[in-house]
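# Analysis of the macromolecular model
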Amino acid sequence: MSHTTQQRLAFNEPGWLDTLAAWLLGLLWLLPLVYAVWTAFHPAEFSTRFELSAPLTLNNFRRAWEAAPFARYFFNTTVLTGMILVAQLVISTLAAYAFARFRFRRRNLAFALVLMQLVVMPDLLVVANYKTMAQLGLIDSLLAIGLPYFASAFAIFLLRQTFMSIPKELDDAARVEGAGALQILWRVYVPLARPVYIAFALVSVSFHWNNFLWPLIVTNSVNARPLTVGLQVFSAVDQGIDWSIITAATLMSSAPLLIAFLLFQRQFVQSFMRAGIK
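On a predicted model such as this, the values are computed, not experimentally measured, just so you know. Every chain is numbered on its own, with residues counted from 1 as its sequence reads. For a predicted model such as this one, the threshold for reporting local features is a pLDDT of at least 70, and the threshold for listing and counting side-chain atom pairs is 80 or more; totals across whole chains, interfaces and linings nevertheless cover every residue. To obtain the side-chain values, all non-hydrogen atoms of the structure were used and water was disregarded.

### Things to note about the packing of aromatic side chains
- Note on ring pairs: Phe, Tyr and Trp rings are taken, using the six-membered ring of Trp, and paired if centres are within 6.5 Å. Classes follow the plane angle, with under 30 degrees stacked, over 60 edge-to-face and the rest tilted. Tallied over the full model, the rule gives 14 aromatic pairs.
- For the ring pair phenylalanine 99 and phenylalanine 104, a centre distance of 6.1 Å and an interplane angle of 45° mean the geometry is tilted.
- Our definition puts a charge over a ring when NZ of Lys or CZ of Arg is within 6 Å of the ring centre and also within 35 degrees of the ring normal. Of note, arginine 160 hangs over the ring of phenylalanine 111, and the distance from its end group to the ring centre comes to 4.1 Å.

This is how it looks when you write it as structure tokens:
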């Protein structure tokens, strides 16, 4: 092997700098979580100093749970994310199937209009969405929070691309067996697109579980507030800021997502790889 070839191979191989950079990025990502765990499980006086002999306590979680109606917030957030996800999957599946397999006038134009949603920031539509919810009489309700997100251009795009990659011979074989359009969709397309559904579900649930601005604007009472909006009670200046309670409340809010990721990490990664999401 020539010297030039060896240099090229050495250049293409990941070096120690790449490994070091990956570890540094991982530590930067992990440090806030480590601080939150340390502060939540120790008394308030140890929130700014690290001592191995510091006593452990669960009092911060008890005080956080008593300071806000967390049971109601968890219920609202679970119902909200589930409602949005189901609506997105149903609407996106039907729309993607129509764009992928049906021929109709202005199909490409309609699909281009759908994709325009990807380039419009949701924050730009806050005023328009609020006026719409007020006209419908839905202010301060879970439906008002979820309704603007029921149609997802991202999901439509992913599913359309997946459906277009499925051979049309499967459609013909199903029609020979007497299956209709919806039966073909349910029995052929949906099972083959399972990795895409799982990958999108992870993105949707994580986003809407942590969404803050729109729920803050459109809700006024505990009955409709999700976890992210409920957490703001702990940062009220007039009550003082106790970082131990704030981190305990934050861990309780993010615990379901963290536990789900740790339990199903392999399935998560495989779903994203099969769906082609980087």
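Anyway, onward from the coordinates.
### A look at the side chain of threonine 39
- Under the DSSP-based scheme used, a helix requires at least four consecutive residues in state H or I and a strand at least two consecutive residues in state E, with every element numbered from the N terminus. Here threonine 39 lies in helix 2 (residues 16-40).
- The buried label goes to any residue with under 20% of its type's maximum accessible area, the exposed label to any with over 50%, and the partly exposed label to all in between, with areas taken from a 1.4 Å probe on protein chains only. Overall, the relative accessible area of 1% leaves threonine 39 in the buried class.
- Pairs of N or O atoms within 3.5 Å make up the polar contacts considered here, provided that, within protein, one atom can donate a hydrogen while the other can accept it, and that residues adjacent in sequence are counted only when both atoms are side-chain atoms. Of the polar contacts made by the side chain of threonine 39, one reaches the backbone oxygen of tyrosine 35; its length is 2.8 Å.
- The criterion used for residue contact is that any of the two residues' heavy atoms lie within 4.5 Å. With residues near it in sequence (within four places) discarded, threonine 39 still touches Ser47, Asn60, Trp243, Ser244 and Thr247.

### Details of the confidence of the model for the chain
- Here pLDDT means the predictor's own confidence in every residue, given as a number from 0 to 100. Across the chain, the average pLDDT comes to 85, with 88% of residues at or above 70.
- At the level of individual helices and strands, the chain shows its lowest average pLDDT in helix 1 (residues 3-12), which scores 50, and its highest in helix 7 (residues 142-146), which scores 95.

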